[in-house]
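# Structural description and commentary
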Amino acid sequence: MKILVVDDDPIILELLTEVLRIAGYNNLTMCESAYEALDAIASATVPFDCFLFDIQMPGMDGVELTSAVRKMPSHTTSPILMITAMSDRHYIDNAFTAGATDYITKPFEIAEVHARLKGVAERVEQRRQLEDRNPVAVMRAAAATLTQADLEARLAFVDLDGFIEYLALENYLLLMSRVSLIGMRTFGIAVPDLERVFGASSVFEYHAALADFAEAISDALKPGGFFVAHAGGGKFVCVLTDGATFDAANFEVHLHETVAAMDFHFCDGRPMTLTPVVGEAVSLQMKSARGLAGALVLALSSAEAAAKAPRARKPEPASGNAFKFLFGF
Amino acid sequence: MKTGAPSAMSPGMARVRSRFVEELRVRQDRLISLRAELADGPSVAPALDEIGRISHKIAGTAATLGFPELGADASVIDDLIDRTGAANGTESACWLLCDLRDMITRLDALIAAVGRAQLA
C-alpha cells in the first residue's frame, strides 16, 4: 500500500515512519506541507492508495488539503485518515465534511493506528483485486445496462454538501460517541420500486439520477448540520447533528417538493418519478459504539418499511421558511 | 514524571524518542524566550501564537513517545490558546478570555516538564 503522510512536525513524520514500518508499510512518502503533498500527488506515476493528514499546518491546512485531494478524479474515494491533535467537534465535523474517511487523535496509540490501517489496507486490496479481475469494467460500466450488483453498490457523492461515504459516517459516529451525541439523530430515506424505475437504464443514467436525487436530499436538509451516506440502491442514511426537533413526516413532504422542483427526466426525455419515503428518526444519544452502527441499520430498516407502506401525506404548511417547517422552531 | 520504558521500544522508536528529546532542548529555549515576551512584551498575540504551535507539536507526540504528563501539560496550553483565538491574532479576545498570569504559570510548568523529560 502506497501511503502519503503530511505533517509539519518532522518528529511526527519520523514517528509515523516507524509506526508504519513496524506494521509492514514501507512504501511511504513524507511531506512537511500541503503544497509539498499536492506536488507529490501530481508527480506520482503510481497513485497513492491512502493518505494520512495532519490538520493544523501553516498555509494550507489538512482540511483544505482533503478537499483538494477529493476533487481529483483518481482520489474521490481513496482513504484519507486525519491524524491530529484537534479533538474539538468542529474540527471533526469540518474534516468529515471535506471528505475524510477516518480521524485519529494525537497522541495516538500505536496499536490504534495499526488497527485503522489494517481496515484501510483490506479495502484497498479488495478494490485492487476487483480491478485486476476485470480491468475494463470501469471503462465499460457507464454504458452497460444496470445489473443487480450496480443497484446494490454504495456510491460516493462526496462533492455534494454533507455527503460522505457510509464507512466514513460510521467512523464519524464512533468519534462522536467520545465527544457528544446530544441532539444527534439518524433517519433513512428510501426510494420504492427503484429496480422497476431503472430496469432498462444504463449505469450512467442510474448514477446520474441518483446523484440528482442526492442533491435534492442535500438541498432539502440545508441549512441544518447533517451528514448523509448512500447505503446502496435507493437507500440513504442521514445523521442530523442537531435534530432533536426533526419531524420525519414534514421532511418527507419537503423532500417531495424539492424532488418535484428538480423535474427529473430519463436521457430519452421521459419524465422520471421518484417518490422517496422517510423513516422514523432514531436518537443517537447515549448509544454505545455497537449501538451506533445498529442505529444506522435501524434507521434504514424504518425507511424500507415505510417504502412498503408509505405514510399519508401531510398538508403543506401555509407559511414559514423550510427550516422552521422541518424542525418545528 | 512518568515515562514509558525505552527498553520496551523498538530501536527505531528509541531513535525517534532521542530526536524528540533533542528537539525539546530547542523548544525549551524558545518557550523561555516567549515567556519573557508574554510577561513584558507590548503585544502578546504573536508570542501566544508561537507558544500554541510549539505546545501543539509537543502535545501530539509526547505521550506516544513515553511522556504522557508532558503531553498533558502541553495539551492544556494548546487548547487554551486555540479556544481564545490567539492563534488568529485576535488579541482582545484572548485578553478577555484568558488569564495571562494563569497562562504564564502553566507555561512555567510546561518548561519544567520539558526539562524533566530531557533527564528521563
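Fair warning: this is a prediction, and the values are worked out from it, not measured in the lab.

Calculation notes
- In this convention, every chain numbers its residues from 1, walking through the sequence in written order.
- Throughout, the order in which chains and ligands are written sets their labels, letters from A for the former and numbers from 1 for the latter.
- For a predicted model such as this one, the threshold for reporting local features is a pLDDT of at least 70, and the threshold for listing and counting side-chain atom pairs is 80 or more; totals across whole chains, interfaces and linings nevertheless cover every residue.
- With hydrogens and water stripped out, all remaining heavy atoms of the structure feed into the side-chain values.
- Note on aromatic pairs: the rings of Phe, Tyr and Trp (six-membered ring only in Trp) are paired at centre separations within 6.5 Å, and the planes decide the class, stacked below 30 degrees, edge-to-face beyond 60, tilted for the rest.
- Under the scheme applied here, a residue whose accessible area is under 20% of the maximum for its type counts as buried, over 50% as exposed, and between as partly exposed, the area being computed with a 1.4 Å probe on protein chains only.
- Numbering goes from the N terminus for both helices and strands, where a helix is a DSSP run of H or I of at least four residues and a strand is a run of E of at least two.
- Definition of nonpolar core: a set of buried residues of the types Ala, Val, Leu, Ile, Met, Phe, Trp, Tyr and Cys, connected through side-chain atoms within 4.5 Å.
- At least two DSSP bridges between two strands are required for those strands to pair.
- Where helices are involved, their axes are fitted lines through C-alpha atoms of the stretch in contact, as for all axes, and angles between N-to-C directions lie from 0 to 180°.
- Between two residues, a contact is recorded if the distance between any of their heavy atoms is within 4.5 Å.
- In what follows, roughly perpendicular refers to angles from 65 to 115 degrees, roughly parallel to angles under 35, roughly antiparallel to angles over 145, and oblique to any angle outside these ranges.
- Crossing chirality is assigned from the near helix's rotation relative to the far helix, an anticlockwise turn below a right angle marking it left-handed and a clockwise turn marking it right-handed.
- Marked domain ranges trace back to an automatic or database domain assignment.
- For this analysis, a salt bridge means a side-chain nitrogen from Lys or Arg found within 4 Å of a carboxyl oxygen belonging to Asp or Glu.
- The term polar contact refers here to a pair of N or O atoms within 3.5 Å; inside protein, the definition further demands a hydrogen-donor-capable atom paired with an acceptor-capable atom, and it admits residues adjacent in sequence only when both atoms are side-chain atoms.

### Some thoughts on the packing of aromatic side chains
Residue and element names in this part refer to chain A.
- What the rule picks out here adds up to 15 aromatic pairs over all chains.
- Pairing F51 with F53 gives two aromatic rings, centres 5.6 Å apart and planes at 45°, and the pair type is tilted. One exposure class covers both F51 and F53, and it is buried.
- Between F163 and F236, the aromatic rings sit 6.0 Å apart at their centres with planes inclined by 85°, giving edge-to-face as the arrangement. With F163 in the loop between α7 (148-152) and α8 (166-179) and F236 in strand β8 (residues 235-240), this residue pair connects regions lying 73 residues apart in the sequence. Of the two residues examined, F163 and F236, each falls in the buried class.

### Remarks on the nonpolar core
- Ranked by size, the top nonpolar core spans 50 residues in total, and within it L52(A), F20(B), I58(B) and L70(B) carry the most contacts.
- In terms of residue count, helix α1 (residues 11-40) of chain B provides more of this core than any other element does, eight residues in total.
- Within the second largest apolar cluster, 48 residues are counted, among which are V63(A), Y172(A), L173(A) and L296(A).

### Here we look at the sheet that holds strand β5 (residues 102-105) of chain A
Residues and elements named next belong to chain A.
- Taken together, the five strands give an open sheet; going across it, the order is β2-β1-β3-β4-β5, and neighbouring strands pair in parallel fashion. The two strands at the open ends of the sheet, each matched to only one other strand, are β2 (28-31) and β5. Mean inter-strand twist for the sheet, computed between neighbouring axes without regard to direction, equals 15°.
- In this structure, strand β1 (residues 3-6) lies alongside strand β3 (residues 50-53), joined through four bridges in parallel fashion. Residue pairing in the sheet places L4 in a bridge with F51 of β3.
- This element, helix α4 (residues 89-98), spans β4 (80-84) and β5 of the sheet and lies at about 145° to β5.

### With respect to the packing of helix α3 (residues 62-70) of chain A against α4(A)
Residues and elements named next belong to chain A.
- As a packed pair, α3 and α4 sit with axes 8 Å apart at the nearest point and diverge in direction by 15°. Taken together, the axes of α3 and α4 are roughly parallel relative to one another. Crossing hand, α3 versus α4: right-handed. Together, V63, T66, S67 and R70 of α3 and N94, A95 and A98 of α4 make up the contact between the two elements.

### Structural notes on unusual backbone geometry
Residues and elements named next belong to chain A.
- With an omega dihedral of -5°, the bond running from K106 to P107 counts as a cis peptide bond.
- Considering the arrangement of structural elements, one finds P107 in the loop between β5 and α5 (110-133).
- With an omega of 5°, the peptide bond running from K222 to P223 counts as cis.
- Within the secondary structure layout, P223 lies in the loop between α10 (203-221) and β7 (226-230).
- One non-glycine residue with positive phi stands out, namely D263, at about 55°.
- Among the structural elements, D263 can be located in the loop between α11 (248-262) and β9 (277-278).
- A positive phi angle, near 65°, is found at M286, a position not held by glycine.

### Points about the domain arrangement of chain A
Residue and element names in this part refer to chain A.
- If you check the domain split of chain A, you get domain 1 (3-133) and domain 2 (145-327).
- Computed from C-alpha atoms alone, the centre-to-centre distance between domain 1 and domain 2 is 28 Å.
- Facing 16 residues of domain 1, the contacting portion of domain 2 comprises 16 residues.
- Applying the counting rule to domain 1 against domain 2 returns one salt bridge.
- Note that E165 and R123 form a salt bridge whose closest N and O atoms lie 2.8 Å from each other.
- Counting every contact that joins domain 1 to domain 2 gives four residue pairs in polar contact (both at pLDDT 80 or more).

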